[in-house]
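A structural walkthrough
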Amino acid sequence: MKKIIVVVDMQNDFIDGSLGTKEAQAMLPRLKEKLKQVTDSGSAELIFTMDTHGENYLQTQEGKNLPVEHCLKGSHGWEITPELQEFVKQAKAVVEKPTFGSLELPKLLGEADEVELVGLCTDICVISNAMVIKAAYPEVQVSVDASCCAGVTPESHKNALAAMKMCQIKVLE
């Protein structure tokens, strides 16, 4: 059994930066402990994603709908949080993505039997990538660890988890 854990957008702007939340900050120690256990045991490979925008972000469709500059490539806010850098170094890949879901991500999953997602934000990028992966690999078990995710709000986090369950994505509590 080959398992891959996709760590979605654990970047400074989503933790304590321009779009940070107390829920993201509270979840970070749980995620760090999970990744430590996984890397110590060798039970899964890691892939990180990074929300990546350019200076023209506010002129993009996303920027017009969410007019808060964030994850501008090369900025402090774009970087993956220092607490997870040791795991980034061990990752199979780091995928920069200009939008919520990555079409490149499924190409990196290869012969995975199981893909688990963790990270931010449950209700935007986690759900988008989970759906892309499930569409690309309908027979692969796709799961989300709810305890290692956070949404824009607690309510939208719960709504995203419910939507993923309806699409046969397993939600781990």
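A short tour of the structure in this document, coming up. What you see is a predicted model; the values in this text were computed from it and never measured. (Residues numbered from 1 in each chain as written. Predicted model: local features only at pLDDT ≥ 70, side-chain atom pairs only at ≥ 80, totals over all residues. Heavy atoms only, no water.)

If you tally the helices and strands in the chain, you get 6 helices and 6 strands. Over its C-alpha atoms the chain spans a radius of gyration of 15 Å, differing by no more than 12% from the 16 Å that the globule rule assigns to 173 residues. With the principal axes as the frame, the chain shows a C-alpha extent of 45 × 35 × 30 Å. Counting the 173 residues in the chain, one finds 50% classified as buried. Counting only contacts in the chain whose residues sit at least 6 apart along the sequence, the fraction spanning at least 24 positions is 77%. Side-chain charges of the chain comprise 17 positive and 25 negative groups, with the mean position of each set lying 4 Å from the other. (Helix = DSSP H or I, 4+ residues; strand = E, 2+ residues; numbered from the N terminus. Rg over C-alpha atoms; globule rule 2.2 N^0.38 Å. Buried < 20%, exposed > 50% of the residue type's maximum accessible area, 1.4 Å probe, protein only. Contact = heavy atoms within 4.5 Å. Lys, Arg positive; Asp, Glu negative; His and termini not counted. Charge placed at Lys NZ, Arg CZ, Asp CG, Glu CD.)

Now for the environment of C121. Of note, C121 is situated in the loop between β4 (114-120) and α5 (122-136). Classification of C121 by relative accessible area gives buried; the value is 10%. On a C-alpha basis, the gap between C121 and L19 in space is 10 Å, while along the polypeptide they are 102 residues apart. Apart from the residues within four sequence positions on either side, C121 is in contact with F14, V126, A150, G151 and V152.

Here we take up α5. An ideal rise of 1.5 Å per residue puts 21 Å on 15 residues; α5 measures up with 20 Å between its terminal C-alpha atoms. Considered for burial, the residues of α5 that qualify are T122, D123, C125, V126, I127, N129, A130, I133 and K134. Check the buried side of α5 and you find it contacts β1 (3-8), β3 (93-97), β4, β5 (141-150) and α6 (154-166). (Expected span 1.5 Å × (residues − 1).)

Of note, K34 is situated in helix α2 (residues 22-41). A polar contact is formed between the side chain of K34 and the side chain of E116, at a distance of 2.7 Å. Contacts of K34, omitting those with residues within four sequence positions, involve I5, E116, V118, D145 and C148. (Polar contact = N/O pair within 3.5 Å; in protein donor to acceptor, adjacent residues only side chain to side chain.)

Let's shift gears to the environment of G63. Within the element layout of this structure, G63 appears in helix α3 (residues 61-65). On the accessibility criterion, G63 (1% relative accessible area) is buried. Considered as a pair, G63 and K34 are 29 residues apart in the sequence and their alpha carbons are 33 Å apart. Apart from the residues within four sequence positions on either side, G63 is in contact with Y57 and L58.

Take the sheet that holds strand β2 (residues 45-51) next. One open sheet holds the 6 strands; their spatial order is β3-β2-β1-β4-β5-β6, and the pairing between them is parallel. Each end of this open sheet is capped by a strand with a single partner; those strands are β3 and β6 (170-172). Across the sheet, the mean angle separating the axes of adjacent strands is 25° when strand polarity is ignored. Where β4 and β5 come together, 6 bridges link them in parallel fashion. Following the sheet pairing, L117 is matched in β5 by V144. Sitting on the sheet, α2 touches β1, β2, β4 and β5, and the angle it makes with β5 is about 130°. Across the sheet, α6 touches β5 and β6, and the angle it forms with β5 is around 170°. (Pairing = 2+ DSSP bridges. Axes fitted to C-alpha atoms, helices over the stretch in contact; angles between N-to-C directions.)

Before going further, it helps to spend a moment on α6. If you check α6, its first and last C-alpha atoms are 19 Å apart, about what 13 residues at 1.5 Å a residue would give, namely 18 Å. Every buried residue of α6 is listed here: S156, H157, A160, L161 and M164. Projected onto a plane normal to the axis of α6, the buried residues spread over an arc of 140° and lie on a single side. More than 90 degrees from the buried face of α6, the exposed residues found are E155, K158 and M166. Where α6 ends, the next residue or the one after it, Q168, has phi of about 65°, a positive value. (Arc of directions from axis to C-beta.)

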